[in-house]
Structures are given as structure tokens and as C-alpha cells.
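Commentary on secondary and tertiary structure
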Amino acid sequence: MEKEQYLQVGVITSTHGVRGEVKVFPTTDDVSRFQDLEEVLLDTGKRLIPLEIAGVKYFKQYVILKFKGIDSINDVEQYRRMPLLVTREQAVPLEENEYFIADMLGMEVYTEDGTLFGVLKDVMETGANDVYVVESRAHGEVLIPAIQDCILSVDIPENRMTVRLLKGLIQ
């Protein structure tokens, strides 16, 4: 299974002012990474458009971006709700036991006894720890906290996760 070669770092939510700036909801753990980015790729759904970053500001939970050559609200309004991507080479290096969500989605989830439990469908990012949403034939949608007690191993190349189902996780 080939993994995505691009990773999402944010989504344009709206315009900001009249000089072509956009308000971006960051989808990256490290919001300050926008300071180091020179370029992002705008995903229109049909093609990727490279945009050179000319300015970065922060406002509440948003990042305000100014792109080179886009100087009016009319030039940027069409980009609302479009994702901003980076290449894997531009990605922030991962620490031990950290993974890109894009690499985990669709992963087969096994219990510690080797039984196929389900497939990882989504990752919910909460304040304390992530929660893995696993679609199980036997139990429907099961929420598994991404903590050491529950997640025994994650093997990206093998597309496999091994979990310990603590009491109360399944009905």
C-alpha cells in the first residue's frame, strides 16, 4: 500500500482583510512550523498549486498567511475550504512512537492474541491523547485511546497495529 506523498498542514477557512491574506486552521501538531515553510501546495481537488509564503501571523487558534503574488481578497476568495499540503521532505521530523495520521488510516488492527479486530478509520485528536477510531465487524465503531496500555505496537510498513482492549472499551 503506497502512502500519501503529501501531508496536510492546514485548511483555508476564510479570507483575512482585503490584501489577499487567508485564515488557516492548522492541522499540524506544531503550528510554529509555518514560520519555517517557504511554500505550500494548495489542493483544489483537481490539481496542486504551489504557493510561496510571503508572511505568517498568528491569531487565536488560526494562522494568517500571505502568499506572494496574491494581493487582493478577490484573488484568494476562491481558495476557501481548500487544504494546504507539504511534501514528506518538508514534514516535521517525527519523534519515537510518533506517526503521521495519513500513514495510519486503513491500518489493520489486531488484538494481542493475534486476532484481527478491525481497521483504523480515523484519529481523533484530543487534548490529553489521541483516540483511534476502529471499525470492527463484531463490535461496530470502537474508540481506543492512544496510550501505552492500549497500543502495543504500530508497524507502518506492515500496515498493522496491535492493541490491548482494556475492560470497558467494547460492549
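Now for a look at the structure at hand. Bear in mind that the values here come from a model prediction, so they are computed numbers and not experimental data. Residue indices begin from 1 for each chain and proceed along its sequence in written order. It should be noted that, the model being predicted, local features are given only for residues of pLDDT at least 70 and side-chain atom pairs only at 80 or more, the latter also being counted only at that level, while totals for whole chains, interfaces and linings use all residues. Computation of side-chain values: all heavy atoms of the structure, hydrogens and water removed.

1. Quick word on the sheet that holds strand 8 (residues 116-124)
Within the open sheet, the six strands sit side by side as 10-9-8-7-12-11. Their pairing is mixed. Among the strands making up the open sheet, the edge pair consists of strand 10 (140-145) and strand 11 (151-155). Taken pair by pair, the neighbouring strands of this sheet meet at an average axis angle of 30°, ignoring direction. A pair of strands is treated as paired once DSSP finds two or more bridges between them. Going along the chain from the N terminus, every DSSP run of H or I of four or more residues is numbered as a helix, and every run of E of two or more is numbered as a strand. Where strand 8 lies against strand 9 (residues 131-136), five bridges are found, and the strand directions are antiparallel. Across the sheet, valine 119 pairs through a bridge with glutamate 135, a residue of strand 9. The convention used is that axes are lines fitted to C-alpha atoms, helices contributing only their stretch in contact, and that angles between N-to-C directions extend from 0 to 180 degrees.

2. Observations regarding the layout of surface pockets
Of the volumes computed, that of the largest pocket is approximately 1200 Å³. Surrounding the largest pocket, 40 residues form its lining, Asp29, Tyr99, Phe100, Ile101 and Asp130 being those nearest its centre. Put simply, the parts of the chain that give the lining of the largest pocket at least two residues each are strand 1 (6-16), strand 2 (21-26), strand 6 (83-87), helix 2 (101-104) and strand 11. By residue class, the composition of the lining of the largest pocket is 24 nonpolar, seven polar and nine charged. Two kinds of site are reported from a 1 Å grid over the protein atoms alone, namely cavities, where a 1.4 Å probe fits but cannot get out, and pockets, open sets with protein on both sides within 12 Å along at least five of seven lines, and residues are called lining when an atom falls within 4 Å of a point. Grid points are joined across faces, edges and corners, and a volume is the space filled by probe spheres set on the points. Each residue is assigned to one class: nonpolar for Ala, Val, Leu, Ile, Met, Phe, Trp, Tyr, Cys and Pro, charged for Asp, Glu, Lys and Arg, and polar for all the others, Gly among them.

3. Observations regarding the side chain of serine 14
By the element assignment, serine 14 lies in strand 1. Working rule for contacts: check all heavy atoms of both residues, and any pair within 4.5 Å makes them a contact. In this structure, serine 14 is in contact with Val22, Lys23 and Arg80, ignoring residues within four places of it in sequence.

Remember, this is a structural readout, not a statement about activity or role.
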